[in-house]
Amino acid sequence: MICEKENIEKTKKKEHIDKKARILPWLFFSLIILTTVWIRYNSLDIPLERDEGEYAYGGQILLQGIPPYKKLYNMKFPGIYAVYAVLMYLFGQTHTGIHFALLFVNLIATIFVYMIARKLYGLTGALTAAASFAILSVGQPVQGIFANAEHFVILPVLVGIFLLLQTNTKSRKYLLFLAGFFLGIGFIIKQHGIFFILFGAIFLCFEAFWNNQDTAKIRKIILKKTGLFFLGVLIPYLLTCLLLYRAGVFAKFWFWTMKYVGSYTTQRSLSQAWSTLKISFSSIFTASPLLWLLAVTGVFLVFTYKDRKKLVFIIGLFLFSFLAVCPGGFFRPHYFVLVLPVSALLIGLTIDFLDRLPYKKDMQWLRQWFPITLAVISLTVSLYIQRDFLFKMSLNQIITKIYWPNPFNESLEIARKIKEDCKPNDTIAIMGSEPQIFFYTGLYSASGYIYMYPLMEEHDFALTMQKELIREVEATKPAYLIFVHNPLSWLEKNNSHTLIYDWYMEYKKKYKPFGLVEMFGNKSHSYWDQAIIWPPTAPYWLIIMKRKETNSSAQG
């Protein structure tokens, strides 16, 4: 009787310990998620940077029924403009609404990281993976608080990857199609998504090999599975092509996304790419050193898995996620968002390995406390290192720290002044690459060239592009002409054509000064109408000009 009571007490004690062990990871996970939500909430009102401005302008005109590649030329696939259009329809056409939409998308992506990790290993590891993704994706080194395209590529990619893990039963063949469909959506949002499609196809092939011995049967299974998969992949792209063809802009789309993109991605040498990669990864690593050490450890620990499916899945996803960062060798900070999900999975894998170690009976407390304590310390260290960026700096200070001397803070005031002065059908020509001004004002660009970068590059299309911009601006007769005196808004090369500069010096005679913004270090000064002081004394400045009145009233 006594022994029976002792056994009951031991069982209750064990159940209590197990319940506590399950609750702790959830408490820790909830705290991390609330922290990242709070960080993103406090940064909702941060001004748009250049890429965000492009996507917002593209989404804005799409909501007005104007297709991409008509008033906006760019090498990116149009999916990102459609995403922005949907999100701005739901959350509002403001920079605040855009960043609230990012918060929402990032939360869903975090949930899918957890769901994928939970398919691979235990609760503590899965929650650590999700928390790691939340922290890494909001960090300064990847410009995480800005709504770059990579954040919106990752969500459908994660959905597609999660579906791939469900496709090993005969009754779920339709999931192959859906997995391909979501990965195809990731691709039309940004071309980098193609590497996740390749990962999915290779993973399905490996799955066929390890589940069967008969060569003929393997071939049949591969053809059937990959056929369904690629059918799903192709539908978003083919539908996009059809819509653009019906809108009459397919020729422009084909030129920018197929012909021009080849010139763009071959500009950098291997030595330049390697140098940029080292600089970018160094800043990413130093911001979260313990997390990245856990991720590197996970790369080695994955080979301890006896389950070949998990091994191929994680290693394959790691390799193709890295390849997704590589096109062009630019290694821009926000590109690394694409590698964060698999990095988080590797971090979770390491914690799961520690959680599964065969601890001695008198050391069972280590199983309960060591893995989760290590995870909490690693995540907390990451937050602490970035404390100024995440918790202390004002939004203007953040923009200045990351992007100065780009005029992203100043664009809000410039747009406000133009909106106060303009007429509904006015247009703007910007000699520079500041598309956020088009979005803020709600006015159309006088030319489809919202960036000067392609016009300054050393390829065969550059001079033709400059001539086309000149024709479009002269035909439109924009009410406002803005010149950006900032090399980061032009990226002029040694052999860039100078036709556009020569033309501008003559064309600006049709305009009178309306505003001047000078940028000095961490501050700027603006002057409007009669208060304009000329010439500028700052190293970087923008001159906003208004078309001179004529008897024919040629504005707009």
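Right above here is the structure, for reference.
Report follows, based on the coordinates. Note that the coordinates shown come from a computational prediction; the quantities given were computed from them, not determined experimentally. (Residues numbered from 1 in each chain as written. Predicted model: local features only at pLDDT ≥ 70, side-chain atom pairs only at ≥ 80, totals over all residues. Heavy atoms only, no water.)

### A few points about the overall build of the protein
Looking only at helices and strands, the protein features 22 helices and six strands. For a compact globule of 556 residues, the expected C-alpha radius of gyration is about 24 Å, and the protein comes in at 27 Å, within 12% of that figure. With the C-alpha coordinates aligned to their principal axes, the bounding extent of the protein is approximately 105 × 60 × 45 Å. Within the protein, buried positions represent 55% of all 556 residues. Separation between the mean location of the 57 positive side-chain charges and that of the 36 negative ones in the protein comes to 8 Å. (Helix = DSSP H or I, 4+ residues; strand = E, 2+ residues; numbered from the N terminus. Rg over C-alpha atoms; globule rule 2.2 N^0.38 Å. Buried < 20%, exposed > 50% of the residue type's maximum accessible area, 1.4 Å probe, protein only. Lys, Arg positive; Asp, Glu negative; His and termini not counted. Charge placed at Lys NZ, Arg CZ, Asp CG, Glu CD.)

### Some points on unusual backbone geometry
At the junction of W404 and P405, the peptide bond is cis and its omega measures out at 10° in the coordinates. Tracing the backbone shows P405 in the loop between helix 17 (395-403) and helix 18 (408-421). The step from W534 to P535 runs through a cis peptide bond, and the omega angle for that step is 5°. Structurally, P535 can be placed in the loop between strand 5 (523-528) and strand 6 (540-547). For F331, which is not a glycine, the phi torsion comes out positive at approximately 50°.

### With respect to the nonpolar core
Of all hydrophobic cores here, the largest spans 180 residues; its most connected members are F152, F313, M431 and I482. No other element matches helix 6 (residues 149-164), which puts twelve residues into this core. With sequence-adjacent residues up to four places away left out, F152 is seen in contact with I80, V83, Y84, L87, L102, V105, A147 and I189. (Core = buried A, V, L, I, M, F, W, Y, C linked by side-chain atoms within 4.5 Å. Contact = heavy atoms within 4.5 Å.)

### A short note on empty space enclosed by the protein
Summed over the entire model, instances satisfying the criterion amount to five cavities of 30 Å³ or more. Of the pockets and cavities examined, the largest cavity occupies roughly 60 Å³. As for the largest cavity, its lining consists of I135, L136, G139, P141, V142, I284, A287, S288, W292, L340 and Q386. When contributions to the lining of the largest cavity are tallied by element, the ones reaching two or more residues are helix 5 (123-136) and helix 11 (270-287). Taken together, the residues of the lining of the largest cavity break down into eight nonpolar, three polar and no charged. Here the second largest cavity defines a volume of roughly 50 Å³. Taken together, I154, V157, L158, I161, F196, L317, S321, L338, P341, V342 and L345 make up the full set of residues lining the second largest cavity. Elements represented by at least two residues in the lining of the second largest cavity include exactly helix 6, helix 13 (308-325) and helix 14 (340-355). At four residues, the largest contribution of residues to the lining of the second largest cavity is made by helix 6. Tallied by class, the residues present in the lining of the second largest cavity amount to ten nonpolar, one polar and no charged. (1 Å grid on protein atoms, 1.4 Å probe; cavity = no way out; pocket = protein on both sides within 12 Å on 5 of 7 lines; lining within 4 Å. Points joined across faces, edges and corners; volume = space filled by probe spheres on them. Nonpolar A, V, L, I, M, F, W, Y, C, P; charged D, E, K, R; others polar.)

### Here we look at the packing of helix 4 (residues 95-120) against helix 14
The contact between helix 4 and helix 14 brings their axes to 10 Å, and the two run at 45°. Compared by their axis directions, helix 4 and helix 14 come out oblique. As for the relative orientation of helix 4 and helix 14, their crossing is right-handed in sense. The segment helix 4 lies against helix 14, with V113, I116 and A117 engaging P341, A344 and L345. (Axes fitted to C-alpha atoms, helices over the stretch in contact; angles between N-to-C directions. Parallel < 35°, antiparallel > 145°, perpendicular 65-115°, else oblique. Left-handed = near helix turned anticlockwise from the far one by under 90°.)

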